[in-house]
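Okay, here's what each chain looks like letter by letter:
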Amino acid sequence: KVKGPKKEKTKKTENGEKKVKNKKKHSKLKKVILIIFILMVLLCLIGAGIIAGIFFSDKFKLTQEDLTITNVNGVIKDKNGEIIGAISGEENRKIVTLNDVPEYLPKAFIAIEDKRFYDHIGIDIKRTAYVTIMYAINKGDSSAGGGSTITQQLIKNLMKDDADEGAAGIERKIREMARAYNVEKILSKDQILELYLNKIPMGSTVYGVGMASEYYFSKPVAELTLEESAFLAGINHAPSRYNPFIGEDNGNLIKDRTKEVLFQMKDQEKINEEQYNAAVAKVEEGLPFKQGGTVSKASYSYHTAAAINQAVEDLMVEKDVNKETAQFMIENNGYTIYTTQDTAIQKRMEEEFVKDKYIRSGREKKADGTLLNEHTQAAMVIIDHKTGQVVATVGGLGSDSNSTGLNRATQGTKQPGSSIKPLACIAPALEKGIITSATVYDDSKTNFGGTYEPRNLDGFNGLMTIRTALAKSSNIVHLKVMRELGPSNAIKFLSTMGIEVSEKHEEITLDLGTC
C-alpha cells in the first residue's frame, strides 16, 4: 500500500482558520541570529582594518604632510603692516589652537560626538557595535547616530573619502578605521582634537571653529560662552539645518539640539548642575546670533585685487605652475601678502569715485537698443614719486563698480596721450644732451613731412623754452625734439623703464601718445 505525503498537524484559530504549527518562526530568535551575524562581520571588518593599518603601511598609513591643513585663510597688509583684508578660496578658515578656545568648546564636541575619545584607539568598538545593532533592529533607520569617532571623522574630512553605500562603503570604513588607528600612533589626543576642530565643515563656506565663531556670533572663538560652544558642537552633523541666517525659522530646532549637547555634558560630568541650568536658561532666551563676515572677493579694494593678481603671476614663475594652481595656492596656503597701499589715500579715492556728480549716462546703443556703456568711467593710480611705490588704485567709477570686474587702472589699454611726452621725449633728450631745460624752440606752424602739419590745442605760441613747452604740452616743440632724438632712441629709453613699445610705432608721433 502506497502511503501519501504525511499530513502536517494543524490547529484551529479562534476565527476558524487553519494554521501550520511548524511554519511559524520565532521573531526574537531571528533578531538574535541577525545581531550575532552582524557583530561577527563587524568584528571581522574592524580586525581587517586594524591589521591592514599595521601590515599594509603604504596603503593605509598617513604622513605628517597628510595631516596638515592646507586650506587656510591668508591675510593682506598695507604699507604700515596693518591687515586690510583676508584671502580665501572655497573654504573660509581661521586656524586656532586648543589654547585659543574656551574650555567648554572641546568638551562639548567630545560629549556629543565621541564621549570615549580619550580612551579608545581611534575606533570605538562599543559605540560602533551599538549603532550597527540599532541600525539592523530598526531596519535601516540611522536615528541612533553615527559610530565614527572624532579621529575617524578627521580622517574622512582630510581624505575627502565619502563613499557610503555597498562594497565601496565597506571598503571606505576599513580604510577609515585603519587610518584612524595609525593616526593615534602618530599624534597625541590633543593634537587630533585640535586638527579636528580646525577642519570640520560648519555651514556655508565656513570651516573650523575659529571662523564659525566669527560667522555665527561675530566674536573671536576665545570669547564663546558655554551655550554658544554647545551650539557649535551640536550643528556639526548637519550645519545647514541649524543655520539661523538662512532658510525657514529653525529656532526650536536650534534650542533642542543645543540643550541636548548641554545635557550630555552634564551627564558626562563635564559641567555641573548649576552651569547646566544657567546655560539652558540662556538657550531658552535665545542665543545672541550676529552674522559676521566671511571673506568675499567683492570686498577687496582695487589695489588689493591688483596686488593679489601680481602675487599669482609671481608664484607662477617661482613655482613653475599654471595660473589656476597659483591662484589656488594663494587662496588656500595661508600666505601673507605685503602691499604698498596707503590706506588713508586709498579710502579717500574710493569715497570720491562713488559720488553721483561724476556719473553721466551712456549714449551709444547696441543693436538690441540697450546702452553700450551704462555710464561714464574713470580710473586713477597714485604713485609716491620718492619711492616709486603705487600707494592707491581705483579702477572704476560709481557704486556699481567693484574690484572683481575690470580694473581700468591696471588692465586698461588706452593711449597714454600727452603724459608720454616727458618720458618718451624730454627725459632721453636731456640724457643725450640734445636739450636743456632752457633750450628754445619756435612753436609755430611746421610741416613734418607730406601733409602732416599738427596744431596745438591753444594755437601757436612762438619762441619758448623746453620748460615752458613742457608746461603747455606743446605738440610742435615736442615733435621737433623727437625729430632730433629719433624714435628708436625713445623706444630704447622707454624699455629701460619697463615700458614696451612695438617697433611699428617707431615714428615721431610716438611723442604725442597717439600710437
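Quick caveat: nothing in here was measured; it's all calculated off a predicted structure.

What counts and what doesn't
- Residues numbered from 1 in each chain as written.
- Predicted model: local features only at pLDDT ≥ 70, side-chain atom pairs only at ≥ 80, totals over all residues.
- Heavy atoms only, no water.
- Helix = DSSP H or I, 4+ residues; strand = E, 2+ residues; numbered from the N terminus.
- Buried < 20%, exposed > 50% of the residue type's maximum accessible area, 1.4 Å probe, protein only.
- Contact = heavy atoms within 4.5 Å.
- Areas by Shrake-Rupley, 256 points an atom, 1.4 Å probe, with all protein chains shown as cover.
- Core = buried A, V, L, I, M, F, W, Y, C linked by side-chain atoms within 4.5 Å.
- pLDDT = per-residue confidence, 0-100.
- Polar contact = N/O pair within 3.5 Å; in protein donor to acceptor, adjacent residues only side chain to side chain.
- Axes fitted to C-alpha atoms, helices over the stretch in contact; angles between N-to-C directions.
- Parallel < 35°, antiparallel > 145°, perpendicular 65-115°, else oblique.
- Left-handed = near helix turned anticlockwise from the far one by under 90°.
- Nonpolar A, V, L, I, M, F, W, Y, C, P; charged D, E, K, R; others polar.
- Phe/Tyr/Trp six-rings, centres within 6.5 Å; stacked < 30°, edge-to-face > 60°.
- Lys NZ or Arg CZ within 6 Å of the ring centre and 35° of its normal.
- Pairing = 2+ DSSP bridges.

Draft legend 1. Region of interest: the overall build of the chain. Check the secondary structure of the chain and you find 19 helices and 11 strands. The 515 residues of the chain split such that 40% are buried. Looking at the chain alone, contacts between residues at least 24 apart form 64% of all its contacts between residues at least 6 apart. Looking at the chain as shown, the accessible area adds up to about 30000 Å², and 52% of this sits on carbon and sulfur atoms.

Draft legend 2. The arrangement of the nonpolar core in detail. F109, V209, F231, L232 and L262 are the most contacted members of the largest nonpolar core, which totals 51 residues. Elements with a contribution of two residues or more to this core: α3 (104-113), α5 (150-159), α6 (166-186), α7 (189-199), α8 (208-217), α9 (226-234), α10 (251-267) and α11 (273-285). When residues no more than four places from it in sequence are discounted, the contact partners of L232 are L105, F109, M202, A212, S213, Y216, F217 and L224. Counting residues in each nonpolar core, the second largest holds 23 residues, with L479, A490, I491 and I508 among its members.

Draft legend 3. Region of interest: the confidence of the model for the chain. On average, the chain scores 83 in pLDDT, and the residues at 70 or more come to 79%. Here residues 52-57 is modelled with pLDDT under 50, and outside its nearest four sequence neighbours on either side it reaches 10 contacts, counting other chains as well.

Draft legend 4. Highlighting helix α13 (residues 323-332). Listed as buried for α13 are A326, M329, I330, E331 and N332. For α13, the elements touching its buried residues are β4 (83-87), α12 (302-319) and β7 (336-338). Once α13 finishes, G334 follows within two positions and takes phi at roughly 70°, a positive value.

Draft legend 5. View of the environment of Y441. Assignment of secondary structure puts Y441 in strand β10 (residues 440-443). You can call Y441 buried: its relative accessible area is 9%. Spatially, the C-alpha atom of Y441 lies 5.7 Å from that of M464, the residues being 23 residues apart in sequence. Engagement of the side chain of Y441 in a polar contact is seen with the side chain of E484, the distance being 2.7 Å.

Draft legend 6. Here's a closer look at the side chain of Q341. By the element assignment, Q341 lies in the loop between β7 and α14 (343-353). Engagement of the side chain of Q341 in a polar contact is seen with the side chain of S301, the distance being 3.2 Å. The contact partners of Q341, leaving out residues within four places of it in the chain, are D78, K79, I84, S301, H303, T304, Q346, V390 and V391.

Draft legend 7. View of the packing of α8 against α9. Closest axis-to-axis distance for the α8/α9 pair is 11 Å, and the angle between their directions is 110°. What the angle tells us is that α8 and α9 run roughly perpendicular. The chirality of how α8 crosses α9 is right-handed. Each of A212, S213, Y216 and F217 in α8 lies in contact with α9, whose residues at this interface are E228, F231 and L232. Taken together, the residues of the contact of α8 with α9 break down into 5 nonpolar, 1 polar and 1 charged.

Draft legend 8. Fine view of the packing of aromatic side chains. Using the criterion set out here, one finds 11 aromatic pairs in the structure. A centroid spacing of 5.0 Å and a plane angle of 75° characterise the contact between F117 and Y118, whose relative ring orientation is edge-to-face. Taking the centre distance of 6.3 Å and the plane angle of 85° together, the rings of F245 and F289 count as edge-to-face. Here the residue F245 occupies a position in the loop between α9 and α10, and F289 occupies one in the loop between α11 and α12, the gap between them amounting to 44 residues. With a relative accessible area of 24%, F289 lands in the partly exposed category. Put simply, the rings of Y215, Y216, F217, F231, F245 and F289 touch in pairs and so form one group of aromatic residues. K189 extends its terminal NZ or CZ atom over the ring of F117, reaching a point 4.7 Å from the ring centre. Taking the ring centre of Y276 as reference, the NZ or CZ of K266 above it sits at 5.1 Å.

Draft legend 9. Layout of the sheet that holds β4. Read from one edge to the other, the open sheet built from 3 strands follows the order β4-β3-β7, with strand pairing classed as mixed. Strand pairing shows two members of the sheet lacking a second neighbour, β4 and β7, which therefore form its edges. The sheet shows a mean angle of 20° between the axes of neighbouring strands, taken without regard to direction. In terms of strand pairing, strand β3 (residues 74-77) meets β7 through 3 bridges, oriented parallel. Across the sheet, the residue bridging to I76 is I337, located in β7.

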